[in-house]
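Understanding the architecture of this molecule
Below, each chain spelled out in residue letters.
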Amino acid sequence: MISKPDILNASILIVDDKDVNVRLLEQMLSDAGYTHTTSTMDPYEVCALYRQNRYDLILLDLQMPGMDGFQVLEGLKAIEPEGYLPVLVITAQPGHKLQALQAGAKDFVSKPFDLVEVQTRIHNMLEVRLLYKELENYNKQLEQTVAERTAELRESEARFRRLTELASDWYWEQDENGRFTKVYGPALEMLGITVDALLGDEYKGSNKEARWDEADYAVFKANIAARRPFLDFVYSRVRSDGSRQYLMVSGEPMFDSSGRFTGYRGIGKDVTESMHDKQNS
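Since this is a predicted model, take the numbers as computed values, not measurements. (Residues numbered from 1 in each chain as written. Predicted model: local features only at pLDDT ≥ 70, side-chain atom pairs only at ≥ 80, totals over all residues. Heavy atoms only, no water.)

1. Section: the overall build of the protein
This is how the line gets drawn: Strands here mean DSSP runs of E at least two residues long; helices mean DSSP runs of H or I at least four residues long; both are numbered from the N terminus. Only protein chains enter the calculation, and the probe is 1.4 Å; a residue is then buried if its accessible area is under 20% of its type maximum, exposed if over 50%, and partly exposed in between. Working definition of accessibility: Shrake-Rupley area with a 1.4 Å probe, residue cover restricted to the visible protein chains.
Looking only at helices and strands, the protein features 10 helices and 11 strands. Here the protein holds 281 residues, and 38% of them are scored as buried. When the accessible surface of the protein is split by element, carbon and sulfur atoms take 51% of a total near 16,100 Å².

Rendered as structure tokens:
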């Protein structure tokens with residue numbers, strides 16, 4: 001919520017070509033406790049002053065020689081084409097009220113002044129203006145936080161990928177239906193294994209003559225069906241040249257925040273050489 005001190009500390013610009021009106025408004029604002037009031041009798045200065053100070057409220061007289069209040073509104077709208085234009089117009093012409101609102105003003109007061117009405121409208125407009133600025137600042141902070149978190153997530157993912165590539169030959173993820181959604185690692189092409197053949201149907205591999213060991217594959221499929229995690233599970237296949245290849249995978253099931261199973265993720269590596277060494281020792 002906007003506090004009373006926030007409202008009284010808001011910046012206000014008075015624009016009127018008559019000195020008596022400027023002094024009357026300045027005195028009224030001072031008596032009400034407002035502490036940051038500026039005035040000008042030159043309408044040509046308004047846009048430059050607003051660019052420099054971004055006032056929380058502009059009290060704008062509509063009938064001024066040389067450049068009237070409607071022209072000032074046009075200049076201000078060019079500065080804030082999408083933003084909130086904090087203008088309260090002052091007019092002695094009843095027909096100008098609707099025209100001013102259509103031109104971008106947010107409210108109006110009539111001459112001669114009813115001081116209580118003027119004070120009330122100023123207070124209400126400043127409360128809305130400060131709430132708008134507070135929301136605008138919050139949105140900017142939120143956008144910055146989202147950008148920072150996104151950058152952190154990308155950096156974390158890149159770091160995770162580098163560490164995974166150092167620790168294994170490939171990283172994989174599957175959805176709840178067993179379809180691969182993410183696989184990366186430079187070893188896949190060297191092993192001659194397609195994505196679908198890694199942990200899926202053994203007959204989907206690019207090398208149709210290669211066959212997985214049925215016993216190993218049955219154990220692996222049982223783990224997946226039961227949604228159990230598995231660590232360093234070794235299984236093998238016979239390649240087309242008759243040699244046996246050993247692959248070691250680790251994986252864990254994934255669940256969303258509601259506990260629904262969403263798939264598997266894990267890592268894998270070719271351990272053929274180490275298995276042959278073990279068998280020959």
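2. Concerning the pairing of strand β3 (residues 57-61)
As a reminder, the rule being used: By the convention used here, strands pair only if DSSP detects at least 2 bridges between them.
The buried count for β3 comes to 5 of 5 residues, which makes it a mostly enclosed element. Neither face of β3 is exposed, since Leu57, Leu59 and Asp61 on one face and Ile58 and Leu60 on the opposite face are all buried. When strand β1 (residues 11-15) meets β3, the two strands line up parallel, connected through 4 bridges. Bridge pairing in β3 places isoleucine 12 opposite leucine 57. With 4 bridges joining them, β3 and strand β4 (residues 87-91) adopt parallel strand pairing. Counted as the bridge partner of isoleucine 58 is valine 87 from β4.

3. A word on helix α3 (residues 46-53)
Quick reminder: α-helices carry 3.6 residues per turn. Residues three or four places apart thus point the same way. Note the cut-off: Directions are taken from the helix axis to each C-beta atom, and the arc is the one they span.
Every buried residue belonging to α3 is among Val46, Cys47 and Tyr50, and all of these are buried. Down the axis of α3, the buried set is contained in an arc of 95°. They therefore lie on one face. Residues of α3 that are exposed and angled more than 90 degrees away from the buried face: Arg51 and Gln52. At the exit of α3 stands arginine 54, carrying a positive phi of roughly 45°.

4. Some points on the sheet that holds β3
Applicable threshold: Orientation is described by axes fitted as lines to C-alpha atoms, over the contacting stretch for helices, and by angles from 0 to 180 degrees between their N-to-C directions. Whether two residues are in contact is decided by their heavy atoms, any of which lying within 4.5 Å being enough.
Taken in spatial order, the 5 strands of this open sheet run β2-β1-β3-β4-β5, and their pairing is parallel. A strand with exactly one partner marks an edge of an open sheet, and here the two such strands are β2 (36-40) and β5 (107-110). Strand-to-strand twist in this sheet, taken as the mean axis angle between neighbours without regard to direction, amounts to 20°. Running at roughly 175° to β1, α3 makes contact with β1, β2 and β3 of the sheet. Sitting on the sheet, helix α4 (residues 69-79) touches β3 and β4, and the angle it makes with β3 is about 150°.

5. Digging into the packing of α3 against α4
As a reminder, the rule being used: With respect to orientation, any angle under 35 degrees is reported as roughly parallel, any angle over 145 as roughly antiparallel, any angle of 65 to 115 as roughly perpendicular, and every other angle as oblique. Whether a crossing is left-handed or right-handed is set by the direction in which the near helix is turned from the far one by less than a right angle, anticlockwise for left-handed and clockwise for right-handed. For this classification, Asp, Glu, Lys and Arg are treated as charged, while Ala, Val, Leu, Ile, Met, Phe, Trp, Tyr, Cys and Pro are nonpolar and the rest, including Gly, are polar.
Remark: α3 packs on α4, axes separated minimally by 9 Å, with the N-to-C direction vectors making an angle of 30°. Here α3 is positioned roughly parallel relative to α4, judged by the angle of their axes. Of the two elements, α3 crosses α4, and the hand of that crossing is right-handed. Together, Val46, Cys47, Tyr50 and Arg51 of α3 and Val72, Gly75, Leu76 and Ile79 of α4 make up the contact between the two elements. A class-by-class count of the residues in the contact of α3 with α4 yields 6 nonpolar, 1 polar and 1 charged.

6. Re helix α2 (residues 19-32)
Heads up, the rule is: Each helix should span, by expectation, one fewer than its residue count multiplied by 1.5 Å.
In a regular helix each residue adds 1.5 Å, so 14 residues correspond to 20 Å; α2 covers 20 Å between its end C-alpha atoms and thus fits that length. Among the residues of α2, Asn21, Val22, Leu25, Met28 and Leu29 are the ones counted as buried. Looking down the long axis of α2, one finds its buried residues gathered within 135° of arc, a one-sided arrangement. Projecting away from the buried face of α2 at angles above 90 degrees are the exposed residues Val20 and Asp31.

7. Considering the pairing of β5
Residues in a regular strand project their side chains so that they alternate between the two faces of the sheet. Note the following rule: The handedness rule is simple: strands pointing away from the viewer, and a clockwise path from the first strand over the helix to the second, make the crossover right-handed.
Pairing between β4 and β5: 4 bridges, direction parallel. Within β5, the position partnered with valine 89 by the bridge is phenylalanine 108. Viewed along the sheet, the connection from β4 through helix α5 (residues 96-103) into β5 turns out right-handed.

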